[in-house]
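Understanding the architecture of this molecule
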Amino acid sequence: MLTYIPISLVALFSRKVQWKPIEHHRADQRVLETAAVGRNK
């Protein structure tokens, strides 16, 4: 709790924060095939 309050105050008043979108990549085809085979057993 002692560290929560100072971190919260800095987060509230900090203006240097930027939002960056997360890049989602398509799963590798081999991973999908392996998962499908594992479910059918």
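What comes next concerns the included structure. Predicted, not measured: the structure shown is a model, and the values here were computed from it.

Cut-offs used in this document
- Residues numbered from 1 in each chain as written.
- Predicted model: local features only at pLDDT ≥ 70, side-chain atom pairs only at ≥ 80, totals over all residues.
- Heavy atoms only, no water.
- Helix = DSSP H or I, 4+ residues; strand = E, 2+ residues; numbered from the N terminus.
- Buried < 20%, exposed > 50% of the residue type's maximum accessible area, 1.4 Å probe, protein only.
- Areas by Shrake-Rupley, 256 points an atom, 1.4 Å probe, with all protein chains shown as cover.
- Patch = residues over 30% accessible without salt bridge, like charges linked within 9 Å, V, L, I, M, F, W, Y side chains within 5 Å.
- Salt bridge = Lys/Arg side-chain N within 4 Å of Asp/Glu carboxyl O.

1. Brief notes about the overall build of the protein chain
- Within the protein chain, the regular secondary structure consists of 2 helices and 0 strands.
- When burial is assessed residue by residue, the protein chain has 0% of its 41 residues classed as buried.
- Working note: accessible area of the protein chain is about 4,800 Å², and carbon and sulfur atoms make up 63% of it.

2. Digging into a nonpolar patch on the surface
- Together, M1, Y4, I5, L9, L12 and F13 make up an exposed nonpolar region whose accessible area comes to about 760 Å².
- Note on placement: L9 falls in helix α1 (residues 4–13).

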